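Each chain, letter by letter, is given below.
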Amino acid sequence: MLPGMCSSHRTDDPVERTTGLVRFSDLPPGVLRDIALVLVADAVVGLSFGAISVAGGLPLWVPVAMSLLVYAGSAQFSAVAVLTAGGGPAAAAATGLLLNSRTAAFSLAVADSLGRSWPARLVGAHLITDETAAFVLAQPDLRSRKAAFWISGAGLFAVWNISVFGGALAGSALGDTGRFGLDAAFPAVLLALVLPAVRDDGNARRAGAVGAVIALAATPVLPAGAPVLLALLGLVAMRRRVPVTPPSPGSPS
Amino acid sequence: MNAYLACVLVLAAGTYAFRLAGPVLHGRVELPARVQELLTVGATVLLVALLTTGAFTEGQDFAGWSRPAGVLVGGVLAWRRAPFAVVVAGAAGATALLRLTGLS
């Protein structure tokens, strides 16, 4: 699915040293179209995130600020899920951080593609997501990986924040959310996010199932937010096995 | 400080720190495969736990049947690789319809 993993291409590409800017023409044919498709998909996710957050009772600025500053789809959904379920901000932040810890692994994998200057590294770091990592790791050489990173990264950041703002505005116009069944949309979104992982990965399925049972059983007795963290005990159901699968461009972060 | 703001700032700072790991360490460190796998599966476990508790519970009580039924509809649509918007609309629509019939 994702050829050309990072390890073999490093800094010895002479072309990369000579040009600082990325161009659309640096991308192999078809990649721009793939990026555009993911932009559209993420716009829909962003609209839903904004609408559901505000419909769930959060002030409009929370999803908007979260999207600008945190900028990580699944962590945002999860943090908002904890907040709107009555969990404290600490539990919400902890849940989101645990989800985002995987970003450290991605950032190690794509570090080459950001560029060498410190401004590029510091700005680029904020744009690292599942999607940008997937696009970068699918490219054959350093030049196209750099182009893929900056083009998909900038595009996704713009689209995500605009669509979240639009969704939040729409959500505040909705009123009573129970009537529209929007409370079911949140878990369904998380289910759609997690399906690719549990479809292909027996360990994730086993650990997820055990964790879900633990969380459900703990919900009546523990304060909101805690049962989800307790679910991590489900990790003991994992079996030892060979490498991790990289993310796919189709799955929103 | 406002609790929401604190949550957003802590989450933002922590996430940015994770993202800086690569550009700062730049090739000097590689996470062991076992740790990477634990992080990946851990993320899945969190999401599954969130969606399960979100589907079945409201506060510390059962949420009623309309919501999990709607989530199930969304899940089937997602399993059949329906577009994201269809998943969201299907889940919300099914729950809304069930509530119209008087189910809690």
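Residues numbered from 1 in each chain as written. Chains lettered and ligands numbered in written order. Predicted model: local features only at pLDDT ≥ 70, side-chain atom pairs only at ≥ 80, totals over all residues.

Colleague: Mind showing me how you'd approach the overall build of chain B here?
Modeller: Summing up its helical and strand segments, chain B has 4 helices and 2 strands in all. In sequence order, the secondary structure elements of chain B are arranged as α-α-β-β-α-α. For a compact globule of 104 residues, the expected C-alpha radius of gyration is about 13 Å, and chain B comes in at 19 Å, more than 25% above that figure. By principal-axis analysis of the C-alpha atoms, chain B measures approximately 60 × 40 × 25 Å. Expressed as a percentage of its 104 residues, the buried residues of chain B come to 50%. Taking the intrachain contacts of chain B between residues at least 6 apart in sequence as the baseline, contacts between residues at least 24 apart amount to 41%. (Helix = DSSP H or I, 4+ residues; strand = E, 2+ residues; numbered from the N terminus. Rg over C-alpha atoms; globule rule 2.2 N^0.38 Å. Buried ≥ 20, exposed ≤ 12 C-beta atoms within 10 Å, placed from the backbone. Contact = placed C-beta atoms within 7 Å.)

Colleague: Before we go on, may I ask you to explain the interface of chain B and chain A in this structure?
Modeller: For an interface, size is often stated in terms of accessible area lost upon the parts coming together. At the interface, 66 residues of chain B touch 82 residues of chain A. Within the residue set of the side of chain B that touches chain A, elements represented by two or more residues are helix 1 (3-25), helix 2 (33-56), helix 3 (66-79) and helix 4 (84-100) of chain B. Looking at the side of chain B that touches chain A residue by residue, the class counts come to 41 nonpolar, 20 polar and 5 charged. (Nonpolar A, V, L, I, M, F, W, Y, C, P; charged D, E, K, R; others polar.)

Colleague: Whenever I open this one, the domain arrangement of chain A confuses me. Can you help?
Modeller: Residue and element names in this part refer to chain A. Here chain A is partitioned into domain 1 (28-193) and domain 2 (201-247). Computed from C-alpha atoms alone, the centre-to-centre distance between domain 1 and domain 2 is 23 Å. The interface is formed by 13 residues belonging to domain 1 together with 7 residues belonging to domain 2. Broken down by secondary-structure element, the contributors of at least two residues to the side of domain 1 that touches domain 2 are helix 5 (89-100) and helix 8 (130-137). Looking at the side of domain 1 that touches domain 2, its residues break down into 8 nonpolar, 4 polar and 1 charged. (Domains from an automatic or database assignment.)

Colleague: So what exactly am I meant to see when it comes to the domain arrangement of chain B here?
Modeller: Splitting chain B by domain gives domain 1 (1-30) and domain 2 (31-104). Spacing between the C-alpha centres of domain 1 of chain B and domain 2 of chain B amounts to 27 Å.

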